[in-house]
Each structure stands twice: as C-alpha cells, then as structure tokens.
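# A structural walkthrough
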Amino acid sequence: MADMVLETRDLTVQFGGHVAVDGISTGFRAGELTAIVGPNGAGKTTYFNLISGQIAATRGRVLLEGRNISRKPASTRTRMGLGRGFQLTNLFPDLTVYENVRLVVQAHQRKGGRLLRLADSDDHMRDMTHQALDQVQMRVQADKPVSELPHGDQRKLEVAMLIAMDPKVYMFDEPTAGMSPDDAPVVLDLIGRLSQDRSKCILLVEHKMDVISALADRIIVLHNGALVADGAPRDVMASAIVQEAYMGRAQANV
Amino acid sequence: MMVKLLSGDKPGSVLLSLILLGIFLSLAFAPFLFEGTRALDTAARICVFIVLVASYDLLLGYTGVVSFAHTIFFGFGAYGVALASIHMGRSFEALAMGAGAGALGAALLAAVIGLFSLRVRAIFFAMITLAVASAVAVLVSQLSVLTGGEDGLTYRIPRELTAAVTYGQAPEWRIALPEAVAPGTEEGPAMLTLGGDRISGKIANYYLVFAGSLILVLLMLRIVNSPFGRVLQAIRENDFRAEAIGYRVVSYRIGVTVLSAVFAALAGSLFAIWLRYVGPDTVLSFEIMIDILLMVVIGGMGTIYGAVIGAVVLMLAQNYLKDLMAGAATGLADVPYAADLLNPDRWLLWLGVLFVLSVYFFPTGVVGRLRGKRG
C-alpha cells in the first residue's frame, strides 16, 4: 500500500470491556475523499481520535506517509500534516476570530517558541490568516471574540482553522452539523474544491446522504467499531449490510 | 515609541492609562515627592512586588497554571544575593553573581517540578508546588549554617548603594499655596516644598530597584504579546485544542514555569539588594504567597497591568491603612461605635472587607473592569 497517505493497521481501542474501535485496517489515498458513515455510537469519532492522537490505541498502528505515528502526541501528528477538525465546537472562546486562525498558522510555521518578537508583526502569517478567513467569508468578523459568534459562524471558523493548517490529510467531523441552510453550502463548496486538489487526502464523517453522494469518491461504513463495508458510493449504498446497519436509520431520518 | 516599549499592548482605557501614568511618575520621582524613609521603602517594595506579581500572572493569568511555590523562586533570588554578598564580600560582582545564580537555581528547580508534575495534570502541579514550598521553607529554617535559619542573613552591599554616600543635593522647588488651600502665616503664604533632599546612595539603590523592575515588567509585557505568549493564552482557553492544532502543551507549560521562576528570582534579588537582609518571613512565608494571589486577583488576571495596580493597592493598604484608620478614629472620636470600629488594631478586618468588596464588584479585577470586560 505504498501510495497510501494515511493507513491504519488493526487499529483497536478498548474502554474497559467495551471495544469502541475494533481492528480497523484500511488506507486513504491522496486525491480521494472518503466518507465515513455509520449509526451513532459506531465509533466514527473515536476512530478519528485514534488517528489524530487524542486517545491512545490499545492495539494497532497509524501510519502517515509510511511512518508509524502511533506513539506520537497529537501536537506532533498535527505538525506532520494531520488536519483534525472537531464535531463539537472546540475553539478559543475569549480570543478573536483572527487570533484563533493565526495561532494555527503560527503552529504550522513552528514559530510558537518565539519570545521577544511581537505576535502580530509577521506579514506572512497575517496573509495566511486572512486567506484562510476569506475561504469561509469571515474576514469581516476577524476582530470579534469567538464567544460572540453565532453557532454557524463558529462551525465555519472551525473549517477555516483546518484550511490554515494546510495539512496532507483533512479530517472533517460533521462539518455542517447545526449550520443554517445559508452557511452549509459555503463549507460544502469549500470541501468540494479541496477534493479537486489531487495531493490532498480527505476524510469526512457525515450523516447527510445528499452531501455524501455529491462529494465522496469512496464510502467506508463502521458498525459497532468494525469496518463493515468499503467501496464506491453507489455499491456501498446498495449493499445489504449497509441497508441493515445504516441506511435503514438514515432513510428513516430523512 | 511609547507603544513600542509597551509591545503594542495599550492599557485600553483612558482612566487606566492615567492611573498607570500616575503610578509610574510617583515611583519614578518617589525619593523627591514623598517624605521619609518609610515612603521610599514602600515605593521600593511596590516596585519589587509589581515584578513578582506580574511573573505570577504569567502562570496563573496567562496560562491558567496554579502554583503555590512562587515564593521559593523569589527566595532563590534573594538568598542568592545574600549568600554571594557574604561569601564574595560587598561588591557589585557579588550582586550580579548572586542574582545570576539565584535565577539559574530557580530555573532548574522550576524545570524539575514542571517535568515531574505538569506531564500528568495541571492540578497535580498545584499540589506538588505546595509540598515543595513547605519543604523548602522548613529546609531554609533548619539549615542555619547556610541560611541563618529563622534569623535570616544580614550582609553588606556596595557602599555606593547605601546612605553613607552622598551624590549631591536635589534641586528644591517651593510653591506658594493659594490662601484657600492653606492659610498663610505672618511671614508670607504657605509653601509646599518639593525636592531639596540630599541624594544619597540609598536613593541610587532605589533607582537600581526601580530601573530593574521597569525593565523586567516591560520584558514580560513583550513576552505575553509574543508568539509564545499567545500560545499560553490559547492553552488557558482550551488546552485540548491547543494540543490539537500543533502545540505541545506540556512543553509550553514547563517553559512558562521556568520563565516565571526566573522573573520571580530576579525580583527577589532586587528585594535583597534593597533590604540588605533576607529571612524566611520576608521572602518565603506563606503570607507573601497569599499577598501575591490577592494582588493578582485584585488587579486583574491575565493583564500585566493588573499586577501593577494590585501591587500598589495592596501594598499601600498594608502600609497605610493603619495610619488612615488611626486618623479617622481620632476624627470620629465623638461618634459612638465608629471610633471603635476604626480602631487601627482592626486594620486586617477592613483589609478583608476591602478584598471581598473588590472581588464582588470587580470579578475581572480593576483592570478588567476599567477595560469594560464582562465578568
């Protein structure tokens, strides 16, 4: 699997007696957008947490560009090119919108150790920050504290922070959850544009079937922590196991 | 130029700017504005405590790390100067060596405490610092051979910094007061006399403390506005996410612990140069730790300016509340109960009341309030 940007091998985590992620082995290519689907509690977010290092695996490995990163802390994985977005809003509430994004750019450029320069004096950093904010049309709100933003804008900011990381692997965890119908297309268009870039590998946890069919090149299905189906969207949606494990629920929700 | 010195971190309110400017000018001209050695001593203590409290604010206010060991690092700097002055003889080299060694020792100890405890959880760090603080206090009082035990150490500093040397006479200003303010006498209108004092080595010593403190505070202001300082704020806001966007939180926490220890040690060195005495009660006691906490909270956490306000308010209250109350008690001698309540012996009670009121009305501290931030 030499052309895989990201791979997990037998990735497993156990909380007490409960196996939350159960031996998932698969890989993700550059230029491919993979949707990860499954009912609530299937282990999608836990799988993300294992990949990006928020929790440690009980067993198995995570490989980024062939290098084993299973023992590396989350911060190192991020600097190596894993861009993790979060499902629940998880920002720096008392800092401004601009500062939230600028901190990401600063981490990416590894300039956090500088003691005697001024944080805002770096033109390159400022440009990168503005570019990321422009991508989600939030530059006008740059100076607002994040705690004063409506929920939808906080979700858009989350996406802007991911863009600012310029990662090799994007990991979106329900990026449009709770967004208004006006805001969601901004984010979905952005993800669509990212997926055109053949060097980027994108993972997307998403519930909305229309979004998945519009964006995904591939679907993997998780059920009770295990990978139960993997393939092109059309094939996966038609398969019996998915009908049973997931689609029944999803259709009922629509 | 001004803004550049302040690292672009403007006070953010006209009133606050005026108060800070007033404090700066008062401290800068303290030897000539206020009468007596006690006033000068208070001014020097204020300078030292501004640095000490600001260095604690780096930890608590900017990073959200609670430490009870800050006085240890303060003590390292103070004992460093004391021991160097005793063993190397009175000289400026001894002062510099002592301050350097104290800062280095403080940095090493802070790094060790941080490495052992910050990896686990921030709350564990608080407990460890409490234990280390008690241990060091006991150690210092028992190791009499080295530290002088409870009696502390007295030592001599260079003559140039003592009252024995005279550098000259300050110019004197005499200002005639208007009749309405103070009635004149037969010889003429009442006069306000400023300056005219002998400029002694003591005043030179004061300016060493003042300049040292000013430089350290400006340096800290620079650090909190640096890329590093912003990471600290991010960690305070959301350490989970700070790690997720690529900052090794543990390293930054250890880094700021070391930095803050170095600044505290340097404050301790200035204090030792000023006092010519160190002892467990003056630099290591738990009361000082509590004072630091009170000053940070009263002034406002996460703003270096809060340290300035907090140190000035509490230091003035501790030194002059008693006098003020004595005056008020005499003035109100005829009013039942009032005189009793204002008995100078009850000054701690009133200090407590002032503290409760200030926390109640300014939950974000004086600076937070003046900047108009909600609590």
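Just so it is clear, the model here is predicted, and its values are computed rather than measured.

Residues and elements named next belong to chain A. Tracing the chain through its elements places Lys44 in helix H1 (residues 44-52). In this structure Lys44 is buried but unpaired, with Glu174 as the nearest side chain of opposite charge at 5.4 Å. Polar side-chain contacts of Lys44 include one of 2.8 Å to the backbone oxygen of Gly38. Aside from chain neighbours lying at most four places away, what touches Lys44 is Ile36, Val37, Gly38, Pro39, Val205, His207 and Leu222.

The method is simple in principle: a probe with the dimensions of a water molecule rolls over the atoms, and the space it marks as empty is what remains. Residues and elements named next belong to chain B. Here the second largest pocket is characterised by a volume of approximately 550 Å³. Lining the second largest pocket we find 22 residues, and of these Leu6, Leu20, Phe24, Leu214 and Tyr305 sit closest to its centre. When contributions to the lining of the second largest pocket are tallied by element, the ones reaching two or more residues are helix H1 (2-5), helix H2 (14-28), helix H4 (36-63), helix H9 (201-224) and helix H15 (304-331). Residue composition of the lining of the second largest pocket, by class: 20 nonpolar, 2 polar and no charged.

Turning to the nonpolar core, a few remarks are in order. Counting 158 residues, the largest nonpolar core has Leu157(A), Phe172(A), Leu27(B), Tyr206(B) and Ile304(B) as the members making the most contacts within it. Per-element tally for this core: the top contributor is H4(B), with 17 residues. Lining this core are residues from two domains, each supplying at least three of them: domain 1 (1-81 + 167-254) and domain 2 (93-165) of chain A. Leaving out residues up to four positions away in the same chain, Leu157(A) has contacts with Leu91(A), Val97(A), Asn100(A), Val101(A), Leu133(A), Met138(A), Val146(A) and Leu149(A). Ranked by size, the runner-up nonpolar core spans 26 residues in total, among them Leu6(A), Phe28(A), Ala42(A) and Ile51(A).

Now for the sheet that holds strand S8 (residues 201-205) of chain A. All names here are of chain A. Reading across from one edge, S6-S7-S8-S3-S9-S10 is the order of the 6 strands in this open sheet, with mixed pairing throughout. Each having just a single partner strand, strand S6 (82-84) and strand S10 (226-231) make up the two edges of the open sheet. Between one strand axis and the next, the sheet turns by 20° as a mean value, whatever way the strands run. Sheet topology places S6 next to strand S7 (residues 169-173); 3 bridges connect them, and they run parallel.

As a further point, take unusual backbone geometry. Most peptide bonds take the trans form, and the phi angle of most residues other than glycine is negative. The phi dihedral of Asp166(A) falls on the positive side, at around 45°, and the residue is not glycine. For Asp166(A), the location among the structural elements is in the loop between helix H5 (151-165) and S7.

Right, let's talk about the pairing of strand S4 (residues 59-64) of chain A for a bit. Residues and elements named next belong to chain A. Summarising the sheet, strand S1 (residues 4-15) and S4 pair through 5 bridges and their orientation is antiparallel. Residue Thr8 lies in a different strand from S4, and its bridge partner there is Val62. In the sheet, S4 pairs with strand S5 (residues 67-68) via 2 bridges, with the strands oriented antiparallel. Residue pairing in the sheet places Leu63 in a bridge with Asn68 of S5. The loop that links S4 with its antiparallel partner S5 comprises 2 residues; one of these, Glu65, has a positive phi angle of about 50°.

This next bit is on the domain arrangement of chain A. Residues and elements named next belong to chain A. Per the domain assignment, the segments making up chain A are domain 1 (1-81 + 167-254) and domain 2 (93-165). Each partner contributes to the interface: domain 1 provides 18 residues, whereas domain 2 provides 14 residues. Contact with domain 2 buries surface across domain 1, with Arg79, Val186 and Leu190 losing the most and accounting together for 33% of the total. With a closest N to O distance of 3.5 Å, Asp183 and Lys156 form a salt bridge. On the surface where domain 1 and domain 2 come into contact, there are 3 residue pairs in polar contact (both at pLDDT 80 or more). Element by element, the count of residues in the side of domain 1 that touches domain 2 is highest for helix H6 (residues 184-196), at 5 residues.

This part is about the side chain of Thr129(A). Secondary-structure assignment places Thr129(A) in helix H4 (residues 123-135). In this view, Thr129(A) contacts Tyr98(A), Val101(A), Arg102(A) and Val105(A); residues no more than four positions away in its chain are not counted.

Residues and elements named next belong to chain B. One can describe the packing of helix H5 (residues 70-88) onto helix H6 (residues 92-117) by two numbers: an axis separation of 7 Å at closest approach and a directional angle of 145°. Here the hand of the crossing between H5 and H6 comes out right-handed. Mapping the contact onto sequence places Ile72, Phe73, Phe76, Gly77, Gly80, Val81, Ala84, Ser85 and Met88 in H5 and Glu93, Ala94, Leu95, Met97, Gly98, Ala99, Gly102, Gly105, Ala106, Leu109, Ala110 and Ile113 in H6. By residue class, the composition of the contact of H5 with H6 is 14 nonpolar, 6 polar and 1 charged.

Let us now look at the packing of H4(B) against helix H10 (residues 227-237) of chain B. Residue and element names in this part refer to chain B. As a packed pair, H4 and H10 sit with axes 8 Å apart at the nearest point and diverge in direction by 50°. As far as their axial angle goes, H10 and H4 are oblique. The segment H4 lies against H10, with Gly61, Tyr62 and Thr63 engaging Leu232, Gln233, Ile235 and Arg236. Its residues assigned to classes, the contact of H4 with H10 shows 3 nonpolar, 3 polar and 1 charged.

The predicted coordinates should not be examined in detail at positions where pLDDT is low. Per-chain confidence: chain A averages 89 in pLDDT, with 94% of residues scoring 70 or above. Note that pLDDT drops below 50 for residues 250-254 of chain A; the model gives that stretch 0 contacts with residues more than four away or on any other chain.

Residues and elements named next belong to chain A. Spatially, S2-S1-S4-S5 is the arrangement adopted by the 4 strands of the open sheet, whose pairing is antiparallel. Lying at the two open borders of the sheet, with one neighbouring strand each, are strand S2 (18-29) and S5. This element, H1, spans S1, S2 and S4 of the sheet and lies at about 115° to S1.

Rules behind the numbers
- Residues numbered from 1 in each chain as written.
- Chains lettered and ligands numbered in written order.
- Predicted model: local features only at pLDDT ≥ 70, side-chain atom pairs only at ≥ 80, totals over all residues.
- Heavy atoms only, no water.
- Helix = DSSP H or I, 4+ residues; strand = E, 2+ residues; numbered from the N terminus.
- Buried < 20%, exposed > 50% of the residue type's maximum accessible area, 1.4 Å probe, protein only.
- Lys, Arg positive; Asp, Glu negative; His and termini not counted.
- Salt bridge = Lys/Arg side-chain N within 4 Å of Asp/Glu carboxyl O.
- Polar contact = N/O pair within 3.5 Å; in protein donor to acceptor, adjacent residues only side chain to side chain.
- Contact = heavy atoms within 4.5 Å.
- 1 Å grid on protein atoms, 1.4 Å probe; cavity = no way out; pocket = protein on both sides within 12 Å on 5 of 7 lines; lining within 4 Å.
- Points joined across faces, edges and corners; volume = space filled by probe spheres on them.
- Nonpolar A, V, L, I, M, F, W, Y, C, P; charged D, E, K, R; others polar.
- Core = buried A, V, L, I, M, F, W, Y, C linked by side-chain atoms within 4.5 Å.
- Domains from an automatic or database assignment.
- Pairing = 2+ DSSP bridges.
- Axes fitted to C-alpha atoms, helices over the stretch in contact; angles between N-to-C directions.
- Buried area = accessible area lost by both parts, 1.4 Å probe.
- Left-handed = near helix turned anticlockwise from the far one by under 90°.
- Parallel < 35°, antiparallel > 145°, perpendicular 65-115°, else oblique.
- pLDDT = per-residue confidence, 0-100.

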